[in-house]
Amino acid sequence: MHFLATATLLTCGLFQAVERTPTDEGVEISLVESGHPNTTIVVAESTPATNLAALELQYRMHQMTGACLPIAETTLGSMATVVLVGKSQATRKLGLHGEDFESQEYLIQLLPKTLVLIGQD
């Protein structure tokens, strides 16, 4: 149940934040364009919570748009946007470390061409 609650929380927060939302810099994040995926869901350091969050995101986006966002361990070059789910080398380069969060604390951060979903599993 803990993993399901984590995935649902992240997914609900994401949908409140993004379908096509401008960031602070005025850059738009687009996950789906004309019914086709425009992003890769990246789960680089796999845990049960991050895997479930990625699958939940993929499922909900498919329900909303009909597009099936790919899930990968690295970015797919053909995609314009990336969703980083959980800890990875990419999140560490951004100065985000899962260990810095309290239990059940999460961050949803919009950056140019990147959406970050990270927390303490």
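Cut-offs used in this document
Residues numbered from 1 in each chain as written. Predicted model: local features only at pLDDT ≥ 70, side-chain atom pairs only at ≥ 80, totals over all residues. Heavy atoms only, no water. Helix = DSSP H or I, 4+ residues; strand = E, 2+ residues; numbered from the N terminus. Contact = heavy atoms within 4.5 Å. Pairing = 2+ DSSP bridges. Expected span 1.5 Å × (residues − 1). Core = buried A, V, L, I, M, F, W, Y, C linked by side-chain atoms within 4.5 Å. Buried < 20%, exposed > 50% of the residue type's maximum accessible area, 1.4 Å probe, protein only. Polar contact = N/O pair within 3.5 Å; in protein donor to acceptor, adjacent residues only side chain to side chain. Axes fitted to C-alpha atoms, helices over the stretch in contact; angles between N-to-C directions.

Trainee: Would you take a moment to explain the environment of Leu117 for this structure?
Mentor: Position of Leu117 among the secondary structure elements: in strand S9 (residues 114-119). Measuring from C-alpha to C-alpha, the distance between Leu117 and Leu107 comes to 5.8 Å, with ten residues separating the pair along the chain. Beyond its immediate sequence surroundings of up to four residues, Leu117 is in contact with Leu57, Val83, Leu84, Val85, Gly86, Leu107 and Ile108.

Trainee: What exactly am I supposed to notice about the pairing of strand S8 (residues 106-111) here?
Mentor: Residues in a regular strand project their side chains so that they alternate between the two faces of the sheet. Note: S8 against S9, six bridges, orientation antiparallel. Its bridge partner being in S9, Leu110 is matched across the sheet by Leu115.

Trainee: Even after reading the chapter, I still don't get helix H2 (residues 48-65), so can you show me in this structure?
Mentor: An α-helix turns once per 3.6 residues; consequently, residues spaced three or four apart project the same way. With 18 residues, H2 extends 26 Å between its outermost C-alpha atoms, agreeing within 8% with the 26 Å of an ideal straight helix rising 1.5 Å per residue. Looking one or two residues beyond H2, the residue adopting positive phi is Gly66, at roughly 85 degrees.

Trainee: Would you explain the nonpolar core in this entry?
Mentor: Burial of nonpolar side chains together is a common tendency in soluble globular proteins. Judged by nonpolar contacts, the single largest core of 15 residues is most densely connected at Ile41, Val83 and Val85. When residues no more than four places from it in sequence are discounted, the contact partners of Val85 are Ile41, Val42, Val43, Thr50, Ala53, Ala54 and Leu117. Listed in part, the eight residues of the second largest apolar core include Val42, Val82, Leu84 and Ile118.

Trainee: How should I be thinking about the side chain of Asn38 in this particular structure?
Mentor: Tracing the sequence through the fold places Asn38 in the loop between strand S4 (36-37) and strand S5 (39-42). Assessed through its relative accessible area of 17%, Asn38 is described here as buried. Of the polar contacts made by the side chain of Asn38, one reaches the backbone oxygen of Ser30; its length is 3.2 Å. Those residues in contact with Asn38, other than ones at most four positions away along the chain, are Ser30, Leu31, Val32, Glu33, Leu69, Met79, Ala80 and Thr81.

Trainee: How should the sheet that holds strand S7 (residues 81-85) be read in this particular structure?
Mentor: Read from one edge to the other, the open sheet built from five strands follows the order S6-S5-S7-S9-S8, with strand pairing classed as mixed. Two strands bound the open sheet, and with one partner strand each, they are strand S6 (71-72) and S8. Two elements, S7 and S9, share four bridges in a ladder whose sense is parallel. Within S9, the residue paired with Val82 across the bridge is Thr114. Against the sheet, H2 engages S5, S6, S7 and S9, with an angle of about 140 degrees to S7.

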